[in-house]
Amino acid sequence: MTFQGHIIEGKRYAFNDKLSTINYQRSYYMSQSSSIAIAEKILSDILNDEPVSSILLKAKIYASRQHDIEMLEWINKEINGYDDNLPSYRVLDAAVKVDVHKGFQEILGFSYPIDLVDDDNVRKRLSHIPILIPLAQVEEMAKKNGGTINLEVPAFIWYNHMTHCINGDIQRAYQYADYSALCNIITSIKSILIDFFSKIEENNEIEFSAIMKHHETITVNYNAAIINTGDGTVNASGVNNI
């Protein structure tokens, strides 16, 4: 190849490199524009009080395109329900009631003082109700006005840890929490989405883990149980130890 040929070949390589750079930049900016558009839509849906389970599907599109494994895992668990390692906002504060028989007398729904339970793990278990069900079910349950979520306490717990301060025989024990507590789960998820996608909308880089670090993860062991919703039952899971 002549000297002139080298120059032409060099120019061709330089042109190809420049074209590749332009294509990369175009792809990058298109990706950024798409991400910002999704962020704007998600924030708009939250302001318009759209179902959060539906909003999460849009967030899943974003996470898939960004290959954000941690965010995808969180979204899938919220959509499908949890098995373990619940975020703290899905563990509700609870109280306990018992049904007691004393001779011919029956006392139903007596508020049991949890502080009188000696075992720390049992006391902690009785003080919380884990909510494992998919977010769509949480949203449906949260629409109910009044009423409580009831979760049966296994007999071996109340028999071994709760009878010492009751004058009579415990026939049943159950945890309860107001339906309104479920709204806190929805609010927490909205808050996470707002914190994250507000940064994306502003074209700022942020790791999803930086948002979730403010929500402690609680590891639990579960036994099958039934949450009684008052209008039927929802299959759920109880907890041995939190």
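The rules behind the values
Residues numbered from 1 in each chain as written. Predicted model: local features only at pLDDT ≥ 70, side-chain atom pairs only at ≥ 80, totals over all residues. Heavy atoms only, no water. Salt bridge = Lys/Arg side-chain N within 4 Å of Asp/Glu carboxyl O. Helix = DSSP H or I, 4+ residues; strand = E, 2+ residues; numbered from the N terminus. Buried < 20%, exposed > 50% of the residue type's maximum accessible area, 1.4 Å probe, protein only. Pairing = 2+ DSSP bridges. Core = buried A, V, L, I, M, F, W, Y, C linked by side-chain atoms within 4.5 Å. Axes fitted to C-alpha atoms, helices over the stretch in contact; angles between N-to-C directions. Parallel < 35°, antiparallel > 145°, perpendicular 65-115°, else oblique. Left-handed = near helix turned anticlockwise from the far one by under 90°. Contact = heavy atoms within 4.5 Å. Nonpolar A, V, L, I, M, F, W, Y, C, P; charged D, E, K, R; others polar. Phe/Tyr/Trp six-rings, centres within 6.5 Å; stacked < 30°, edge-to-face > 60°. Expected span 1.5 Å × (residues − 1).

Trainee: If you had to explain the pattern of salt bridges to someone new, which residues and values would you point to?
Mentor: Where charged atoms of side chains with opposite charge meet at close range, the side chains can pair. Tallied over the entire structure, the rule returns nine salt bridges. Between R172 and E152 there is a salt bridge whose closest N-O contact spans 2.8 Å. With R172 in strand β7 (residues 169-178) and E152 in strand β6 (residues 148-152), this residue pair connects regions lying 20 residues apart in the sequence. Since its relative accessible area comes to 35%, E152 is described here as partly exposed. What emerges from the salt-bridge pattern is a single network uniting K41, D45 and K58.

Trainee: An account of the pairing of strand β3 (residues 95-102) is requested, with residue identities and associated values reported.
Mentor: Both β3 and β7 contribute to a ladder of seven bridges, which runs antiparallel. Each bridged residue has a counterpart across the sheet, and for A95 the counterpart in β7 is Y176. Relative to strand β4 (residues 105-112), β3 runs antiparallel, the two being bridged by six bridges. What sits directly across from H101, in β4, is E106.

Trainee: Can you tell me about the nonpolar core, naming the residues and giving the values?
Mentor: A general feature of soluble globular proteins is that nonpolar side chains tend to end up buried together. In this structure, M71, W74, L182, I189, L193 and F197 are the most contacted members of the largest nonpolar core, which totals 46 residues. For this core, the secondary structure elements donating two or more residues are α1 (3-47), α2 (52-66), α3 (69-80), β2 (91-93), α5 (135-142), β6, α7 (180-201) and α8 (208-212). Top element by residues in this core is α7. It accounts for 10 residues. If you look at the next biggest cluster of nonpolar residues, it comprises 15 residues, including I114, V117, I157 and I166.

Trainee: Tell me what's going on with the packing of α5 against α7, and back it up with residues and numbers.
Mentor: A pair of packed helices is characterised by two quantities: the angle between their axes and the separation of those axes. Between α5 and α7, the shortest axis-to-axis distance is 9 Å and the interhelical angle comes to 130°. In terms of orientation, α5 and α7 fall into the oblique class. Note on packing geometry: the crossing formed by α5 with α7 is left-handed. On α7, the residues that touch L135, V138, E139, M141 and A142 of α5 are L182, C183, I185, I186 and I189. Of the residues contributing to the contact of α5 with α7, the split by class is nine nonpolar, no polar and one charged.

Trainee: Quick one: what's the story with the packing of aromatic side chains, residue by residue and with numbers?
Mentor: This structure, assessed with the given rule, holds three aromatic pairs. Measuring from centroid to centroid gives 5.8 Å for Y62 and F196, while their planes differ by 75°, and the two rings are edge-to-face. Of the two residues, Y62 is situated in helix α2 and F196 in helix α7; the sequence distance between them amounts to 134 residues. Of the two residues examined, Y62 and F196, each falls in the buried class. Seen from their ring centres, Y62 and F197 are 5.2 Å apart, and the 75° between their planes marks the pair as edge-to-face.

Trainee: Let's hear about α7: which residues, and what values?
Mentor: Over its 22 residues, α7 runs 31 Å from end to end, which matches the ideal 32 Å to within 8%, given 1.5 Å per residue. Residues A181, L182, I185, I186, S188, I189, K190, I192, L193, F196, F197 and I200 constitute the buried set of α7.

Trainee: Talk me through the environment of K60; I want residue IDs and the actual numbers.
Mentor: With respect to the helices and strands, K60 occurs in helix α2. Given the relative accessible area of 30%, K60 is considered partly exposed. A C-alpha to C-alpha distance of 9.5 Å links K60 and E73, two positions 13 residues apart in sequence. If sequence neighbours within four positions are ignored, K60 has contacts with L72, I75 and N76.

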